[in-house]
Amino acid sequence: MNALNIKYILCIILSISFLVSQSRKEKSIIDFIEARYSANTDSVRSFLDDDFIYYHIPFVGLGIDTKSTNTGLAVIGNTSFVDTNSILVNGDVIIMINDSKVNNISNYNIENIINGSSGDSIKVTYIRGDNTFSSMIYLSKHQHKQPSESFIKDIKIYGERWFEYDLEILDIFSKKNQFIVYYEWEGILFENGPAYSYRSMEIIKTNTSNNRVYSIDALWSEKQFKDQFK
């Protein structure tokens, strides 16, 4: 028996051991994750509790959501779902950050192009109506929180974006209604295109009365994944 066959057999044995060691609840959580990344929204909806919240990884930034325009980055919302007391409001168009133009930015969000710690300040130049302003704005800690419908909408968009993907559950631990899941995801945007990958660890909690998922806490930085697109 050659080394390749031995390696293949060992992989099968390890895979079987991993599956056998899982509890029924752990298998249900794995089914939920697989439905989530395959963008099976009907299945995902059946797993979620009515009070479900997805807690994104906390980040330091301006706490706003933007979209790229010909002029600059237009403010379109609040990424933290809390009152940030920001100087910037929906409709403002950011044209410079620390005196650097942003009109050619193609990233997902302004938070990807600013750096600093909570309490640091950056100079933001923006257009509001027919006027241009420059203000020093302090960075602060924010956390994006999503209810079920927003979460489902996002996973549908995300799932449809990729040409092909692979999901591997690396490990899962559970205690009562809390699950810590460690997995690896890899995908391509088009046939024979470059592969993008990341490893994620999440804390998933279920409602003890109905065993549905009522919260997910992300423990990896989405920014690290998005940085691969720059």
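What you are looking at is a predicted structure, and each value in this text was computed from that prediction instead of being measured. Positions within a chain are numbered from 1, following the residues in the order the chain's sequence is written. A pLDDT threshold of at least 70 governs which residues receive local features in this predicted model, and a stricter bar of 80 or more applies before side-chain atom pairs are shown or counted, although totals over entire chains, interfaces and linings include all residues. Hydrogens and waters are ignored; side-chain quantities use all the structure's heavy atoms.

Next up on the list: the overall build of the protein. Under the scheme used here, helices are H or I runs from DSSP no shorter than 4 residues and strands are E runs no shorter than 2 residues, and both carry numbers assigned from the N terminus. Helix and strand counts for the protein stand at five helices and 14 strands. Each residue gets one of three labels from its accessible area relative to the maximum for its type: buried under 20%, exposed over 50%, partly exposed in between, using a 1.4 Å probe on protein chains only. When each of the 230 residues of the protein is scored for burial, the buried share is 35%. Should any heavy atoms of two residues lie within 4.5 Å, those residues are counted as being in contact. Taking all contacts inside the protein whose residues are at least 6 apart in sequence as the whole, residues at least 24 apart take part in 58%. Here the Shrake-Rupley method, with its probe set to 1.4 Å, supplies the accessible areas, and only the displayed protein chains count as covering residues. Summing over all exposed atoms, the protein offers an accessible surface of approximately 13,600 Å²; the carbon and sulfur share of this is 50%.

Our next topic: the environment of G91. Along the polypeptide, G91 turns up in the loop between β4 (73-78) and β5 (93-97). For G91 and A74, which are 17 residues apart along the polypeptide, the C-alpha to C-alpha distance reads 6.1 Å. In this view, G91 contacts V75 and I127; residues no more than four positions away in its chain are not counted.

On to the pattern of salt bridges. By definition, a salt bridge exists where a carboxyl oxygen of Asp or Glu is found within 4 Å of a side-chain nitrogen of Lys or Arg. Counted by the stated rule, this structure contains seven salt bridges. We note a salt bridge from E149 to R45, for which the minimum N-O separation is 3.4 Å. A residue pair is termed long-range when its members are at least 10 positions apart, and E149 in helix α4 (residues 148-161) and R45 in helix α3 (residues 41-47) qualify at 104 residues. Here R45 falls in the partly exposed class, since its relative accessible area comes to 37%. Several salt bridges converge on common partners, so that one network encompasses D42, R45 and E149.

It is worth spelling out the nonpolar core at this point. Nine residue types can take part in a nonpolar core, namely buried Ala, Val, Leu, Ile, Met, Phe, Trp, Tyr and Cys, and a core is a set of them joined through side-chain atoms within 4.5 Å. Membership of the largest hydrophobic core comes to 28 residues, with the highest contact counts inside it found for F32, I33, F151, V181 and I204. Of all elements in the fold, only α2 (24-37), α3, β1 (48-55), α4, β11 (164-175), β12 (178-188), β13 (195-206) and β14 (213-218) reach the threshold of two or more residues within this core. For this core, the leading source of residues is α2, giving six residues. Apart from residues lying up to four places away in sequence, V181 is in contact with I29, I33, I169, D171, I172, S200, M201, E202 and I204. Counting 14 residues, the second largest nonpolar core, distinct from the first, contains L62, I64, V124 and L139.

The six strands are arranged β10-β1-β14-β13-β12-β11 in an open sheet whose pairing can be described as mixed. Unpaired on one side and paired on the other, β10 (145-147) and β11 mark the two borders of the sheet. With strand direction ignored, the average angle separating the axes of adjacent strands in the sheet is 20°. The axes used here are C-alpha line fits, helices contributing only the stretch in contact, and every angle between their N-to-C directions lies in the interval 0 to 180 degrees. Across the sheet, α4 touches β1, β10, β12, β13 and β14, and the angle it forms with β10 is around 95°. The pairing criterion for strands is at least two bridges between them, as found by DSSP.

Here we take up unusual backbone geometry. A positive phi angle is found at K176, which is not glycine, with a value near 60°. In this structure, K176 sits in the loop between β11 and β12. One non-glycine residue with positive phi stands out, namely N211, at about 65°. Assignment of secondary structure puts N211 in the loop between β13 and β14.

Once that is clear, we can look at α2. An ideal rise of 1.5 Å per residue puts 20 Å on 14 residues; α2 measures up with 20 Å between its terminal C-alpha atoms. Along α2, the positions that sit buried rather than exposed are E26, I29, I30, F32, I33, A35, R36 and Y37. Among the residues trailing α2, A39 stands out with phi positive, at a value near 60°. Multiplying 1.5 Å by the residue count of a helix minus one yields the expected span of that helix.

Pairs were defined over the aromatic rings of Phe, Tyr and Trp, the Trp ring being its six-membered one, requiring ring centres within 6.5 Å. Orientation was assigned from the angle between planes: stacked under 30 degrees, edge-to-face over 60, tilted for the rest. Inspection of every chain in the model, using the stated rule, returns twelve aromatic pairs. The interplanar angle of 70° and the centroid separation of 4.7 Å between the aromatic rings of W162 and W185 together place this pair among those described as edge-to-face. You can see W162 sitting in the loop between α4 and β11 and its partner W185 sitting in strand β12, a full 23 residues away along the chain. Each of the two residues, W162 as well as W185, counts as buried. Seen from their ring centres, W185 and Y198 are 5.5 Å apart, and the 20° between their planes marks the pair as stacked. In this pair, W185 sits in strand β12 while Y198 sits in strand β13, placing the two residues 13 residues apart along the sequence. Exposure remark for Y198: the relative accessible area of 9% places this residue in the buried category. Of the aromatic side chains, those joined through ring pairs into one cluster are Y37, Y158, W162, Y165, Y183, W185, Y196 and Y198.

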